[in-house]
Amino acid sequence: MTTALRCQGVRVRYGGVEVLHGVDLVVPYGALTALVGPNGAGKTTLLEWCGGVPSTATREEGRLELSGPDGRSADSRALRVVPSGVNVFPNLTVTDNLRATGRPDRAFELFPELAALAEHQAATLSGGERQLLAVAGGLTGKWQVLLVDEPVQGLAAELAERVYQQLAAFVSPDRAVLVAEPAAERALAVCDFVWQLDRGRITFAGEPSELFRERTRSPAR
Amino acid sequence: MSAGAGQLAVAGLGIGAVAGLSGLGVITTYRVTGVLNVAFGAIGMAAAFLLDTAVHAWGIPTGVAAAVIILVCAPLFGVLLDFAVFNPLQRRAAGVGAQLTAGFGVTVLLVGIATVVWGSGARTDAPSLLPQSMVRWGGLSISDGVFVELGLLAVIAAGLILLTRGSAFGVTIRAVVDDRRLAELSGLPARGLGRAGWAIGSALAAAAGMLLAPQLRLDPVTFTLLLFETLGVVVAARLAHPLTAVGVALATGIAQAELIGVHLSGRPGEVLGAVRSNLFVAVLLVAVWSTPAFHEARERTSATLRRTALAERVGGWWPVVALAVAAALLRPGDVRTAQQIPALAVVLLSFRVLHEGGLISLGQTAFVGTGALIAAWEPRLGLLEAALGGALLGAVLALPVARKRPLHLALTTLAIATAASRFVFEQPLFTPPPAVNRPGLLSGDRAYLVAEAVGLGLVVLLLVPLEHGALGRRLAAIRDSEPAARMLGIPVERTRVLVFVLGGAVAAFGGALWCYADLSFDPATYDPLRGLIWLAAATAVGITSAPSLILAAVGMVVADTVVPGASAIIVGVAALTAPWLRGESVEAVGAVR
């Protein structure tokens, strides 16, 4: 598989605390990759570092390589990150949010429940509705590599399942998706490859079935 | 409307149009960057001086010089500001306080450079960009220039409205304004838009400065402040609505001109004169109090990382002890100079008090000047009465705005300081006797310096419960997350008012110390620009470190003793460079949310 995104030696420090200790990670094209790990493992920090957004970190280092499906170096515009928590523009309507981040028509097709909220201001939506809006905008936007932090946070089980189905459906030979999940079971059921991050270090890389076996052997994990 | 009133209204349109133009520049920058460009007054001043030099010294035709300044120099300067100052701050997720301080750093620096290059004297022959011909219309003589100014205003306002409405580009702009960080993650061109916003904002500030200069006296400080006072139209427009800004600007310009036709005698006449000269200040004051809320870009809660400044490690009490020792050892002339240090140190520590409550004040001169004024009028118990007066003023001013967001609060303090300076400190009605007397026991210079050191020690002592104990924990909770603090039942507004009261008392106490050190009351000492220099200094050295603030006071007084006015330039440079030299400055101010 062609590599879409490669992080090497990522270290992030907040004051006297280093939260990522030299993380190496690869996301391939044509696969749904999961980054799993407990709360505080550093998943969000890693995704935000990849996105290169303003940060309060006092020290950041590491190397990020983006490649196109043809193996050649790709522009940073190929990368999209959907953060968790604050992930919609609150003063814009649902439609305008989708116009800014993706395609409203396509998003309404994927998630018809958003169409009913089209003219609502995003600030008035519930937590789950905002999450759905963020994921829909991310999915229908322009990207080759999509990183989604906790894609189903606050969503009902049925909707969470549909979101994962759509994330998997958007994967193609020229598109790569990585989801960061604290609840590993759900991600492992649909993803093709998994990285496990714990206390700022990668502790596992492989297929979901291998991680299942490993977890069964050492249930404390 | 009589012909006279009509003619006055036409005259007011000119000033109103310029205020509208500078307001549109500030709104443009704010809408695409989320940063309030408080340096616009200084940019306009610098552009006006540049045009004056280009035309009178270099012999370049006015139109060519103006076009080059508006279309090339000013936009490039705006891009430079974005590249070197504001974008790095935003990349570090700096808060409102750090951004405002950087803007004032630019202001102080430009004013300092202009004073060095062009001198502090006023020029009255600034070249006019507008045609001087007149037309008769409806019995009125109207300058063609007024039509040009109004046309320019209309075109820019319409362009701004069209850009942010409806179109896909408009949605992008609104998304970037709403949440710049999320916009970058979503692949929107936030950085490019930011650069364009600074370029357009700077060009409009330059145009406003060059249009205003021929109508007023051009000098670095007063002209910058006059242009700055038009900020009221931006506040009235809630930093977002171009048409409101234009409407308020034109209405204020006309009202100001119409007041020329009103004549009153005696005390009412003096009050009317003050209002007429400072109507834009009155608008600023009314606007900050009456405007419900600005559209503020979403801010993130940054980690409140506190690092120990070098001075903090050395120990908190030594500056106080050193001052007391200095009182015994210094020569008489040096004692008089040294007396300014504790006074300024107390003023700088008042920022520390406010910072504990997550507040930032752009207008400490209101409190400092009030303290000085009370001390000047009341020599016996002036220090005590000044502190009480400052506390009372803090309570009265904080109550209506305690619920407002940080930027709104900061602008409120600035409006109050400007109004206090123009309507109180500069008015003959309030001017104290020229010779100020100290309280009896402190009439000797050395005794007074010792007393100041003791007073400074008391203020340092006051900071202890603000950082530790129950009140300290409550303040830390509000600083870290206001919504969470509310959920926990912490009375945010009441605590905020308490901090305002304490900050006001400390600042006014510092003002009283200052007044007794100088043995006079000089309104120029309490000019709002001075308050911005103090804030920039406090931020540059680390607002959380009491010893650093005291050292900053030493440095500023010594610098001004060696070269008068040097401290302003040093502070300007320090405010711009400190966040990059020392990581903690941005974080310390970034915590003000």
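Residues numbered from 1 in each chain as written. Chains lettered and ligands numbered in written order. Predicted model: local features only at pLDDT ≥ 70, side-chain atom pairs only at ≥ 80, totals over all residues.

Time to look at the overall build of chain B. Looking only at helices and strands, one finds 28 helices and two strands in chain B. Taking all 593 residues of chain B together, the buried fraction comes to 56%. Long-range contacts, defined here as pairs at least 24 residues apart, represent 82% of the contacts in chain B between residues at least 6 apart. (Helix = DSSP H or I, 4+ residues; strand = E, 2+ residues; numbered from the N terminus. Buried ≥ 20, exposed ≤ 12 C-beta atoms within 10 Å, placed from the backbone. Contact = placed C-beta atoms within 7 Å.)

Let us look at the overall build of chain A. The secondary structure content of chain A amounts to eight helices and nine strands. Its C-alpha atoms give chain A a radius of gyration of 17 Å, within 12% of the compact-globule value 17 Å for 221 residues. With the C-alpha coordinates of chain A rotated into their principal frame, the extents come out at 45 × 40 × 35 Å. Taken across its 221 residues, chain A has 44% of its residues classed as buried. Restricting to contacts in chain A with at least 6 residues of sequence separation, those with at least 24 account for 69%. (Rg over C-alpha atoms; globule rule 2.2 N^0.38 Å.)

Glancing now at unusual backbone geometry. Among all residues save glycine, negative phi is the norm, and among peptide bonds the norm is trans. Although it is not a glycine, A:Arg199 adopts a positive phi angle of roughly 50°. If you trace the backbone, A:Arg199 turns up in the loop between β8 (193–198) and β9 (201–206). Judged by C-beta crowding, with 13 C-beta atoms within 10 Å, A:Arg199 ranks as partly exposed. Positive phi is not limited to glycine here, since B:Leu239 has a value of about 60°.

A word on the confidence of the model for chain B. Residue and element names in this part refer to chain B. Of all residues in chain B, 89% attain a pLDDT of 70 or more, and the chain-wide mean is 82. Looking over chain B, one finds the lowest element-wise mean pLDDT in helix α28 (residues 583–590), namely 36, and the highest in helix α2 (residues 40–56), namely 94. Scored below 50 in pLDDT, residues 299–315 shows 35 contacts in the model against residues more than four places distant or in partner chains. Note that residues 581–593 has pLDDT below 50 and, in this model, 47 contacts with residues that lie over four places away or in other chains. Complex prediction metrics read pTM 0.77 and ipTM 0.84. (pLDDT = per-residue confidence, 0-100.)

A few words on the packing of helix α25 (residues 528–541) of chain B against helix α26 (residues 546–562) of chain B. All names here are of chain B. At a minimum axis distance of 9 Å, the contact between α25 and α26 shows a crossing angle of 125°. Comparing their axes, α26 and α25 come out oblique. You can see that α25 and α26 cross each other, and the crossing is right-handed. For the pair formed by α25 and α26, the contact residues are Ala537, Ala538 and Val541 on the first element and Ser548, Leu549, Leu551, Ala552 and Met556 on the second. Taken together, the residues of the contact of α25 with α26 sort by class into seven nonpolar, one polar and no charged. (Axes fitted to C-alpha atoms, helices over the stretch in contact; angles between N-to-C directions. Parallel < 35°, antiparallel > 145°, perpendicular 65-115°, else oblique. Left-handed = near helix turned anticlockwise from the far one by under 90°. Nonpolar A, V, L, I, M, F, W, Y, C, P; charged D, E, K, R; others polar.)

All names here are of chain B. In this structure, Ile43, Met210, Leu348, Ala512 and Ala537 are the most contacted members of the largest nonpolar core, which totals 268 residues. When residues in this core are grouped by element, the largest group, 17 residues, is from helix α24 (residues 492–518). Once you skip the residues sitting within four places of it in the chain, Leu348 turns out to touch Trp534, Ala537, Ala538, Leu549, Ala552 and Ala553. (Core = buried A, V, L, I, M, F, W, Y, C linked by C-beta atoms within 7 Å.)

The subject of this paragraph is the sheet that holds β9(A). All names here are of chain A. Sheet architecture is open: six strands sit in the order β5-β6-β7-β3-β8-β9, paired in mixed fashion. The two strands at the open ends of the sheet, each matched to only one other strand, are β5 (79–82) and β9. Averaged over all pairs of adjacent strands, the angle between strand axes in this sheet comes to 15°, irrespective of strand direction. Pairing analysis gives five bridges linking strand β3 (residues 32–36) to strand β7 (residues 176–181), with the strands arranged parallel. Looking at the pairing, Ala34 lines up with Val179 of β7. The strands touched by helix α1 (residues 43–51) are β3, β5, β6 (145–149), β7 and β8; relative to β6, the strand with the most contacts, the crossing angle is about 145°. Relative to the sheet, helix α5 (residues 127–140) contacts β5 and β6, its axis offset from that of β5 by approximately 175°. (Pairing = 2+ DSSP bridges.)

Residues and elements named next belong to chain B. Take Val106: it is sitting in helix α4 (residues 96–118). Its 25 C-beta neighbours within 10 Å are what place Val106 among the buried residues. In contact with Val106, not counting residues within four places along its chain, are Ala39, Ala42, Leu81, Val85 and Leu576.

Turning our eyes to something else, we now look at the sheet that holds strand β1 (residues 3–14) of chain A. Residue and element names in this part refer to chain A. Pairing in this open sheet of three strands is antiparallel, and the strands run β2-β1-β4 from one edge to the other. Across the chains shown, the open sheet's two edge strands, defined by having one partner strand only, are β2 (17–28) and β4 (59–66). Neighbour-to-neighbour, the strand axes of this sheet turn through a mean angle of 0°, independent of strand direction. Inspection of the sheet shows β1 paired to β2 by nine bridges, in the antiparallel sense. Looking at β2, one finds that Val10 is bridged to Val23.

Before going further, it helps to spend a moment on helix α19 (residues 382–398) of chain B. Residue and element names in this part refer to chain B. Between the first and last C-alpha of α19 there are 23 Å, a value that for 17 residues agrees with the 24 Å anticipated at 1.5 Å per step. Looking only at α19, the buried set comprises Gly382, Leu383, Ala386, Ala387, Gly389, Gly390, Ala391, Leu393, Gly394, Leu397 and Ala398. Residues of α19 that are buried make contact with α18 (364–377), α20 (406–425) and α24. (Expected span 1.5 Å × (residues − 1).)

Residues and elements named next belong to chain A. Covered by surrounding structure in β5 are Leu79 and Val81 together with Arg80 and Val82, the residues of both alternating faces. Across four bridges, the pairing between β5 and β6 is parallel. Paired with Val82 across the strands is Val148, a residue of β6.

Residue and element names in this part refer to chain B. Among the secondary structure elements, Ala508 is positioned in helix α24. With 35 C-beta atoms counted inside 10 Å, the residue Ala508 sits in the buried group. Measuring from C-alpha to C-alpha, the distance between Ala508 and Phe367 comes to 4.9 Å, with 141 residues separating the pair along the chain. Here Ala508 is in contact with Phe367, Val368, Thr370, Gly371, Ala386, Ala387, Gly389 and Gly390, once residues within four sequence places are set aside.

All names here are of chain B. The sheet contact formed by strand β1 (residues 134–137) and strand β2 (residues 140–143) spans four bridges and is antiparallel. Counterpart to Arg136 in the pairing with β2 is Ser141. Between β1 and the antiparallel strand that follows it, β2, lie two residues; Gly138 among them carries a positive phi value of about 55°.

The next thing to look at is the environment of B:Phe430. Mapped onto the secondary structure, B:Phe430 falls in the loop between α20 and α21 (445–467). It is 20 Å that separates the C-alpha atoms of B:Phe430 and B:Gly504, two residues lying 74 residues apart in sequence.

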